[in-house]
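Results of the structural survey
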Amino acid sequence: MKRIAVFASGNGSNFEAIAKAIKNGKLKANLVCLICDKKDAYVLERAKKYKVKSFVFSLKKYGDKKTYEEAILKVLESLKVELICLAGYMKIISDTLLKAYNNKIINIHPALLPAFKGAHAIEDAYNYGVKVYGVTIHYVSEEVDGGKIISQGVINYQEGMNILEIEKRIHLLEHRLYVKTLKKLLEE
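Treat the numbers as computed from the prediction; the structure is a model and nothing was measured.

Calculation criteria
Residues numbered from 1 in each chain as written. Predicted model: local features only at pLDDT ≥ 70, side-chain atom pairs only at ≥ 80, totals over all residues. Heavy atoms only, no water. Phe/Tyr/Trp six-rings, centres within 6.5 Å; stacked < 30°, edge-to-face > 60°. Buried < 20%, exposed > 50% of the residue type's maximum accessible area, 1.4 Å probe, protein only. Helix = DSSP H or I, 4+ residues; strand = E, 2+ residues; numbered from the N terminus. Core = buried A, V, L, I, M, F, W, Y, C linked by side-chain atoms within 4.5 Å. Contact = heavy atoms within 4.5 Å. Axes fitted to C-alpha atoms, helices over the stretch in contact; angles between N-to-C directions. Parallel < 35°, antiparallel > 145°, perpendicular 65-115°, else oblique. Left-handed = near helix turned anticlockwise from the far one by under 90°. Nonpolar A, V, L, I, M, F, W, Y, C, P; charged D, E, K, R; others polar. Salt bridge = Lys/Arg side-chain N within 4 Å of Asp/Glu carboxyl O.

**Quick notes on the packing of aromatic side chains**
The tally for this structure, following the rule as stated, stands at five aromatic pairs. Their ring planes at 65° and their centres at 6.1 Å tell us that Tyr-62 and Tyr-68 sit as a pair that is edge-to-face. Given a relative accessible area of 23%, Tyr-62 falls into the partly exposed group. Look at Tyr-133 and Tyr-157: their rings are 6.4 Å apart centre to centre, the planes differ by 40°, and that puts the pair in the tilted class. One end of the pair, Tyr-133, is in strand β6 (residues 132-139); the other, Tyr-157, is in the loop between β7 (149-156) and α7 (163-187), and 24 residues separate them in sequence. According to the relative accessible area criterion, Tyr-133 is buried, its value standing at 4%. An aromatic cluster of three or more residues is present, and its members are Phe-57, Tyr-62 and Tyr-68.

If you want it as structure tokens, here you go:
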């Protein structure tokens, strides 16, 4: 079974979707750790619930991105992590991790890439007035939200939907699509 790590910064609903799928046998993987960059993120509680080791790394403590990622890399190597799943991790991955895990870091993004890159994708799509929303899972590259697309899922806008309803539907789609995509990747 592949040894995976999830990186998250906030609530952790995608982390939980992955952890739950592993626990229920839908995903054949070993979730060996959670890497988080915020000591008060709710995802840490979710990790406790699923008995997943969690590590908190603050960029401020390390001073620069290279030293920060080298510290994370030591943990990943010690746990023999083979695949990294970004799930709401709000830091840009740089060379240190990209070189060590070339084509072994995936990210979930709440828009149909290549449109609406960045941290405010749902809001940007909503303000633009799109009629089809979606989720993209892609490999992480040097370009933010620019790596090769692995899978996408869509939801259609229904007249009168507000942004909160759209966000809720996108998050539900994220949970299903991440598990489905991981299952396919782990079986390759």
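Moving on from the coordinates now.
**What about the nonpolar core?**
Counting 43 residues, the largest nonpolar core has Phe-15, Ile-18 and Tyr-178 as its most contacted members. Element by element, the count of residues in this core is highest for α7, at nine residues. Once residues lying within four places of it in the same chain are set aside, the contact partners of Tyr-178 are Asn-14, Ile-18, Cys-85, Leu-86, Ala-87, Ile-106, Asn-107, Ile-108 and Ile-137. Counting 23 residues, the second largest nonpolar core, distinct from the first, contains Phe-57, Tyr-68, Leu-97 and Ile-105.

**Looking at the packing of helix α1 (residues 13-23) against α7**
The interhelical angle for the contact between α1 and α7, taken along N-to-C directions, is 45°, at an axis separation of 9 Å. Put simply, α1 runs oblique to α7. Once α1 is placed against α7, the crossing between them reads as right-handed. Where α1 approaches α7, its residues Ser-13, Asn-14, Ala-17, Ile-18 and Ala-21 are matched on the opposing element by Glu-174, His-175, Tyr-178, Val-179 and Leu-182. Each residue belonging to the contact of α1 with α7 can be placed in one class, and the counts come to six nonpolar, three polar and one charged.

**Observations regarding the environment of Val-43**
Its place among the elements puts Val-43 in helix α2 (residues 43-49). Looking at Val-43, the relative accessible area reads 0%, which means it is buried. The sequence separation of Val-43 and Ala-8 amounts to 35 residues, and the corresponding C-alpha distance is 7.1 Å. The contact partners of Val-43, leaving out residues within four places of it in the chain, are Ala-8, Gly-10, Asn-11, Gly-12, Phe-15, Leu-34 and Cys-36.

**Quick word on the pattern of salt bridges**
Taken as a whole, this structure holds seven salt bridges when the rule is applied. A salt bridge links Arg-46 to Glu-16; its shortest N-O distance comes to 2.3 Å. With Arg-46 in helix α2 and Glu-16 in helix α1, the pair connects residues that are 30 residues apart, well separated along the chain. Across the pair, exposure class does not vary: Arg-46 and Glu-16 are buried alike. A relative accessible area of 14% places Glu-16 in the buried class. Put simply, Glu-16, Arg-46 and Lys-49 are held in one network by salt bridges that share partners.

**Some points on the packing of helix α6 (residues 121-128) against α7**
Between α6 and α7, the least distance of the axes is 11 Å, while the angle of their chain directions is 130°. On the basis of the axis angle, α6 is oblique to α7. For the element pair α6 and α7, the recorded crossing hand is right-handed. Packed against α6, whose contacting residues are Ile-122, Glu-123 and Tyr-126, the element α7 presents Ile-163, Ile-166, Glu-167 and Ile-170 at the interface. Each residue belonging to the contact of α6 with α7 can be placed in one class, and the counts come to five nonpolar, no polar and two charged.

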